[in-house]
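# Architecture and fold: a report
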Amino acid sequence: MEKLVLIDGHSILNRAFYGVPELTNSEGLHTNAVYGFLNIMFKILEEEQADHLAVAFDLSAPTFRHEKYPDYKGTRKPMPEELREQVPLMKEVLTSMGIPILSLAGYEADDILGTVAKSSQADGIEVSVVSGDRDLLQLADTHIKIRIPKTSRGKTEIHDYYPEDVKREYQVTPTEFIDVKALMGDSSDNIPGVPSIGEKTATNLIVTYGSIENVRDHLEEVRPPRAQKALTEHYDLAEMSKDLATIRLDCPVDFVYDDARIENLYTQEAYHYMKRLEFKSILARFDAVQIGAEENQIEEKFWTIEDFAGAETIFEKAEQARTIGFELILDQKKAVVGLALCFGEDEIYAIRVEGFLTGAYLADKMKSLIENRKEPDSVATIGLKDQLKVMDLEETNVVFDTAIAGYLLNPLKDTYEYDDLARDSLGMTVPSRADLLGKKSAGSAMCAGDEKGCTCACYMGYIAWKSMPKLLENLQNTGMEKLFHEVEMPLIFSLDHMEKAGVRIDRAQLEAYGDRLKEKIAKLEQEIYASAGETFNINSPKQLGEILFERMELPHGKKTKTGYSTAADVLEKLAPEYPIVRMILDYRQLTKLNSTYAEGLAGFIQEDGRIHGTFNQTITATGRISSTEPNLQNIPVRMELGREIRKVFVPEDGAVFVDADYSQIELRILAHMSKDDRLIEAYREAQDIHAITASQVFHTPLEEVTPLQRRNAKAVNFGIVYGISAFGLSEDLSISRKEALAYINKYFETYPGVKTFLDDLVKEGKEQGYVTTLFGRRRPIPELKSSNFMQRAFGERVAMNSPIQGTAADIMKIAMIAVDRELRARKLRSRIVLQVHDELLVETFVDEQEEVTALLEEKMRHAVELSVSLEVEAHAGTTWFDAK
DNA sequence: GGCCTCACG
DNA sequence: ACGTACGTGAGGCCA
């Protein structure tokens, strides 16, 4: 028997939207409803083994119901923006799978579903109607099954209704079901003052009389009196409800059964959609074999070279090319195992290390190829910095890093690999590294002689080459070309230099520090167990919470999703009264220092006695760099014991550290960007920015500002930079929201230009979808469009913070490049070894100390000229601890 | 792999 | 009413 599945589009999309947790792809598109819809659809198709499928959607235009009853609002609630944007997407996805979309002006999707279902049944077809709306139960029939998906705890269960199931659950037949609904009135049209009839009463009446008309004819018998009264006075409303709720079975829908035949859902077009939406589990359904021609067409032009002569020929040819894409392929140990090279649609190669064809040869050839070129942006690659570790290039403007370009164009993504670039800049879908190799890297695959490793490499070279012009165009169009060429590209070299320099660690001292910690930890551990009266895992927030707040019955503060909060701010409040809490806080501090720093850092010391961490350029949303393996940007400093660890960071013999940091750079940027005259004036001469803020805001002479006033002003200044909120400030200062708000208002009264500036940033963010730094760096803020209050408020804070934090990051990058270039230009041996957002640590040879200090201060102060000066504090010392 | 906690600017 | 300050990375626990 032929089988037809009909889906109520909006209803299922709606259900999926609320049932599936928030989900966005890397473009920031919300995708949860589409994802949920597809999962429900695939599940049903599999269960039913259906051969025909169609989806009905409402149109936004008014229907006959609106015309007939001008007050009719329909059942549609205003859709949140996150769902609204998924409706057209859903339709596109369905169309890409060849599934017909049924819509009809003047009718709702229900009417289409009803008409098609009944007529198909009449043609001897078995029908399933899938909807989240129980009103559709009226359509249940011998050969029409109504399927209602229910999502609870992430699991989707589908409830099925044939007429007997409706009868069992509601005690009435499907057609009588309309009458029950009519008596109850649509809750959304409930009219104030009209007594409503509940489900029980309505069901009883219809069970007895069969229809509202028959109820009307027996009005005098109707019980309870309340219902009798309601119907006597407002029978017309019930009649109207019935008419509205009755699904039309004869609407002029244009449905051709054969068009709904499921031929092949897994089309290439659909595959592209799944790829773009990043639906991994759905992609898995697509058989790679079915994924058609486009990629394979390219792959036919991929060549693997394994012989020396072949490689030489290609390098010769590449020399003549106008533009080149390349990628040195590295294995886990950072050894070169191959090179991807592309210089035309038909010139795509993966050269594999083999015999005489060594990694050193490839790196060296690639280096010469670049060095012999003059044309800026004529050689593209994905992620230059890693490759600089095996190909020691001097700073050049010949190379174009596509990953960096991709980052500037959208800093919110977590990867900028070739498939991302292909999708985002070329609108192309290509198999990702993971598609081709699973967990393996291109390097290890190529090394192992896996052909797919070469395919992956070819894609890297090809996409780098192909995406470069488009990326350049996009950078121009977004006003970030200068930022790219003058800041981000040169920065790659500065970061590379810093990583190569590394920072020296006194291993013995570090070990001694760790031993001291471990000794204290062991002692404290015993004291805690004694105090608690039992042993437990102090590191487990779960166990700790149970001990403190259940067994010992301490008053608990906040709760987390999983239990009691044992965070420091909660414990801090309990510490004065309960000695065990102080011990736990101390224990936490010590174990943190030991595991993350003492033991953690030790594991990264290399043979040269130094740590060569990685500084990432494409991670943060604001333009800052980040530091990993290890993170050298969060070495303790605030607490005395932690700060001690900085004593193990030492310069090499004959050198000292010079540490230079910007003072209050973000507030100075605020003064400049907001153009607030008073703030600019204040910061021009200010030694102590927080004190002068206090003086002006509280109308107190500078010398009479109290420590408390200064502390409050400082907190407000922080708040302004973070995107002020009365709540945040009140938490920080432990004052009421009202008091916090009063401070904020006072601040804005004092500096009205700041208020206007911040308001304008939010406005700008809402209008453009992004905000920018002084140098044109963009931060997209999709949250500003959210229908969720929290999300939107977050977006507003981000709109206020990102231009400030981002501008500071830009300035530091400019300074860093200038310092690095100058050290090299003057042939000095001193090197930048760390950057910590507003601070540079320079390993300085003693004979260069005076020159380097001056240079450092000069380059940092004058990285950019603002309407207020940038102040830099520099200190020298024989350890990082002493240089602070 | 998600959550909690905590280190930094 | 919602339930928060902005930006990061790492280690430990636990399902």
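To be clear, the structure that these remarks concern was listed above.
The following paragraphs examine the structure supplied in this document. Keep in mind it's a predicted model, so treat the numbers as computed, not measured. Going along each chain's sequence as written, the residues are numbered from 1 onward. By the order in which they are written, chains take letters starting at A while ligands take numbers starting at 1. A pLDDT threshold of at least 70 governs which residues receive local features in this predicted model, and a stricter bar of 80 or more applies before side-chain atom pairs are shown or counted, although totals over entire chains, interfaces and linings include all residues. No hydrogens and no water enter the side-chain calculation; it runs on all heavy atoms of the structure.

The next subject is the protein's contact with DNA strand B. Near residues are defined by distance, with any heavy atom within 4 Å of the molecule or strand qualifying the residue. Around DNA strand B sit 22 residues, and of these Thr566, Arg588, Val637, Arg638 and Asp838 come closest. At the protein interface, 76% of the atoms of DNA strand B within 4 Å belong to sugar or phosphate. Any N or O atom pair separated by 3.5 Å or less is treated as a polar contact, with the protein-specific requirement of one donor-capable and one acceptor-capable atom, and with residues adjacent in sequence counted only for side-chain atom pairs. Between DNA strand B and the protein, one listed contact pairs a base oxygen with a side-chain N or O atom of Lys592 at 2.9 Å. Contact distances for DNA strand B include 3.5 Å between a sugar or linking oxygen and a side-chain N or O atom of Tyr597.

Looking now at the environment of Ala740. Here Ala740 lies in helix H34 (residues 737-750). The buried label applies to any residue whose accessible area, calculated with a 1.4 Å probe on protein chains only, is under 20% of its type's maximum; exposed applies above 50%, and partly exposed to all values in between. For Ala740, a relative accessible area of 0% translates into the label buried. In this structure the C-alpha to C-alpha distance between Ala740 and Met274, which are 466 residues apart in sequence, comes to 48 Å. Two residues form a contact once any of their heavy atoms are found within 4.5 Å. Residues within four places of Ala740 in sequence aside, it is in contact with Ala726, Leu729, Ser730 and Ile735. Per the convention used, a helix needs a DSSP run of H or I reaching at least four residues, while a strand needs a run of E reaching at least two, with both numbered from the N terminus.

Across the sheet, 4 strands lie side by side as E20-E21-E17-E22; this open sheet has antiparallel pairing. At either margin of the open sheet sits one strand with a lone partner, and together these are strand E20 (831-835) and strand E22 (872-877). The average angle at which neighbouring strand axes cross in this sheet is 25°, direction not considered. The criterion for strand pairing is that DSSP finds at least two bridges linking the strands in question. Alignment of strand E17 (residues 655-662) against strand E21 (residues 839-845), held across 7 bridges, turns out to be antiparallel. Following the sheet pairing, Phe657 is matched in E21 by Glu843. Helix H36 (residues 789-825) contacts E17, E20 and E21 of the sheet and is inclined by roughly 160° relative to E20. For helices, the axis comes from a line fit to the C-alpha atoms of the stretch in contact; other axes are also lines fit to C-alpha atoms, and the angle between any two N-to-C directions lies between 0 and 180 degrees.

Between helix H8 (residues 174-184) and helix H9 (residues 199-209), the shortest axis-to-axis distance is 9 Å and the interhelical angle comes to 135°. In terms of their interaxial angle, H8 and H9 are classed as oblique. The way H8 lies across H9 gives a crossing that is right-handed. The segment H8 lies against H9, with Glu176, Asp179, Val180, Leu183 and Met184 engaging Glu199, Ala202, Thr203, Leu205 and Ile206. Ten residues, namely Ala, Val, Leu, Ile, Met, Phe, Trp, Tyr, Cys and Pro, are considered nonpolar, four, namely Asp, Glu, Lys and Arg, are considered charged, and the remaining ones, Gly among them, are considered polar. Considering only residue class, the contact of H8 with H9 consists of 6 nonpolar, 1 polar and 3 charged. Roughly parallel means an angle under 35 degrees; roughly antiparallel means over 145; roughly perpendicular covers 65 to 115; every other angle is labelled oblique. Should the near helix be turned anticlockwise from the far one by less than a right angle, the crossing is left-handed, and should it be turned clockwise, the crossing is right-handed.

Moving on to unusual backbone geometry. The residue after Arg223, namely Pro224, is reached through a cis peptide bond having omega -10°. Considering the arrangement of structural elements, one finds Pro224 in the loop between helix H10 (212-217) and helix H11 (225-245). In this chain, Glu629 is followed by Pro630 through a cis amide linkage whose omega measures -5°. A positive phi angle, close to 50°, is found at Gln664, a residue other than glycine. For Gln664, the location among the structural elements is in the loop between E17 and helix H29 (665-674). At His837, a position not held by glycine, the phi torsion is positive, near 70°. Within the fold, His837 resides in the loop between E20 and E21. Residue classification places His837 among the partly exposed residues on the basis of a relative accessible area of 24%.

As defined here, a cavity is a set of points on a 1 Å grid over the protein atoms alone where a 1.4 Å probe fits but cannot get out. A pocket is an open set with protein on both sides within 12 Å along at least five of seven lines, and residues line them when an atom is within 4 Å of a point. Grid points are joined across faces, edges and corners, and a volume is the space filled by probe spheres set on the points. Taken as a whole and assessed by the stated rule, the structure comprises 5 cavities of 30 Å³ or more. There is about 40 Å³ of room inside the second largest cavity. What lines the second largest cavity is Ala621, Thr622, Val771, Thr772, Thr773, Arg777, Arg778, Arg779, Ser802 and Pro803. Taken together, the elements giving at least two residues each to the lining of the second largest cavity come down to strand E18 (770-772), strand E19 (778-780) and H36. Residues belonging to the lining of the second largest cavity are distributed by class as follows: 3 nonpolar, 4 polar and 3 charged.

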